[in-house]
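# Commentary on secondary and tertiary structure
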Amino acid sequence: MLEYSKILFVTEMDTSPGPLAAALLRHYLPLEQVNIDSRGLAVLFPEPTNPKTVAIAASKGLDINRTSIQLEPEDFGQDVLVLVLDETKKQTIYDDYAEAVNVYTLTEYINEAGSINNPDGGELSDYAKLYETLDDIIIKLAYKLKHSKKVNL
């Protein structure tokens, strides 16, 4: 059993890196009883995932068929891990949500430095690079999550 029952990837619009990161983590943790999803900080209305992100994911055998979802106060909890892709989003969450706990940058959580850039508006090759970057990081995240299991006292 993992330490968290829910893992959320939070980005600005929830239309590209967040859904991709969630799909990758579900792929690497297929047997774990954990809800893995993504949310956005500025979702005014549900939008489909970026078609270039969907295409790259599909070429790697991942299916992303969803629309963006706004981050809400009820998304937080002691058993929820919230991962953002850059430091500014982390501070925004703590500033805007009194309920915020367990919020980390994705790289910080796996003890690495840096942010993940959203290739929004870029070429398909930019999205392929995003996939490769996230795939490497999510493998490390899955390993850490599997090896830091919840201890029941």
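What counts, and where the lines are drawn
- Sequence order sets the numbering: in each chain, residues are counted from 1 along the sequence as written.
- Totals for whole chains, interfaces and linings use every residue, but because this is a predicted model, local features are given only for residues with pLDDT of at least 70 and side-chain atom pairs only at 80 or more, for both listing and counting.
- Excluding hydrogens and water, the side-chain values take into account all heavy atoms of the structure.
- In this text, helices come from DSSP runs of H or I with a minimum length of four residues, and strands from runs of E with a minimum of two, each type numbered from the N-terminal end.
- Any N or O atom pair separated by 3.5 Å or less is treated as a polar contact, with the protein-specific requirement of one donor-capable and one acceptor-capable atom, and with residues adjacent in sequence counted only for side-chain atom pairs.
- Working rule for contacts: check all heavy atoms of both residues, and any pair within 4.5 Å makes them a contact.
- Salt bridge, as used here, is a side-chain nitrogen of Lys or Arg placed within 4 Å of a carboxyl oxygen of Asp or Glu.
- Each residue gets one of three labels from its accessible area relative to the maximum for its type: buried under 20%, exposed over 50%, partly exposed in between, using a 1.4 Å probe on protein chains only.
- Angular values range over 0 to 180 degrees, each being the angle between N-to-C directions of two axes fitted as lines to C-alpha atoms, with helices fitted over their stretch in contact.
- Each angle is binned into one of four classes, with values under 35 degrees roughly parallel, values over 145 roughly antiparallel, values of 65 to 115 roughly perpendicular, and all other values oblique.
- By the definition used in this description, the sense in which the near helix is turned from the far one sets the handedness, with an anticlockwise turn below a right angle giving left-handed and a clockwise turn giving right-handed.
- Note on residue classes: Ala, Val, Leu, Ile, Met, Phe, Trp, Tyr, Cys and Pro are nonpolar, Asp, Glu, Lys and Arg are charged, and everything else, Gly too, is polar.
- Being paired, for any two strands, means DSSP has found at least two bridges between them.
- With strands facing away from the observer, any crossover in which the path from the first strand over the helix to the second runs clockwise is taken as right-handed.
- Helix span, expected: 1.5 Å multiplied by one less than the number of residues in the helix.

A separate point is the side chain of Asp37. With respect to the element layout, Asp37 can be found in strand 2 (residues 35-40). Separated by 3.2 Å, the side chains of Asp37 and Arg66 make a polar contact. Ignoring sequence-local partners within four residues, the contact set of Asp37 consists of Ile7, Leu8, Phe9, Ala22, Arg26, Arg66 and Ile69.

The subject of this paragraph is the pattern of salt bridges. Two side chains carrying opposite charge are able to pair once their charged atoms lie near each other. Using the criterion set out here, one finds 11 salt bridges in the structure. Across the pair Glu12 and Lys89 runs a salt bridge whose closest N-O atoms are separated by 3.5 Å. Of the two residues, Glu12 is situated in the loop between strand 1 (6-11) and helix 1 (17-28) and Lys89 in helix 3 (residues 87-96); the sequence distance between them amounts to 77 residues. When its relative accessible area of 36% is taken as the criterion, Glu12 is described as partly exposed. On the basis of relative accessible area, Lys89 is assigned to the buried category, the value being 16%.

This part is about the packing of helix 2 (residues 51-59) against helix 5 (residues 124-146). As a packed pair, helix 2 and helix 5 sit with axes 9 Å apart at the nearest point and diverge in direction by 55 degrees. Considering their axes alone, helix 2 and helix 5 lie oblique with respect to each other. When you trace helix 2 past helix 5, the crossing you get is right-handed. Across the interface between the two elements, Lys52, Thr53 and Ile56 from helix 2 touch Leu124, Tyr127, Ala128 and Tyr131 from helix 5. Of the residues that constitute the contact of helix 2 with helix 5, the class distribution is five nonpolar, one polar and one charged.

Buried residues dominate strand 1, accounting for six of its six residues. Burial along strand 1 is two-sided: the face carrying Lys6, Leu8 and Val10 and the face carrying Ile7, Phe9 and Thr11 are both buried. One ladder, built from six bridges, connects strand 1 with strand 2; its direction is parallel. By the bridge assignment for strand 2, Ile7 is matched with Ile36. A crossover links strand 1 with its parallel partner strand 2, the connecting element being helix 1, and its sense is right-handed.

With that settled, consider helix 5. With 23 residues, helix 5 ought to run about 33 Å at 1.5 Å a step, and its terminal C-alpha atoms sit 32 Å apart, in line with that. Among the residues of helix 5, those classed as buried are Tyr127, Leu130, Tyr131, Leu134, Asp135, Ile137, Ile138, Leu141, Ala142 and Leu145. Along its buried surface, helix 5 packs onto strand 1, helix 1, helix 2, strand 3 (80-84) and helix 4 (106-109).

Here helix 1 crosses helix 5 at 45 degrees, and the two axes come no closer than 9 Å. Viewed along their axes, helix 1 and helix 5 adopt a mutual orientation that is oblique. The hand of the helix 1/helix 5 crossing is right-handed. Contacts between helix 1 and helix 5 involve Pro17, Leu20, Ala21, Leu24, Leu25 and Tyr28 from the first element and Leu130, Tyr131, Leu134, Asp135, Ile138, Ile139, Leu141, Ala142, Leu145 and Lys146 from the second.

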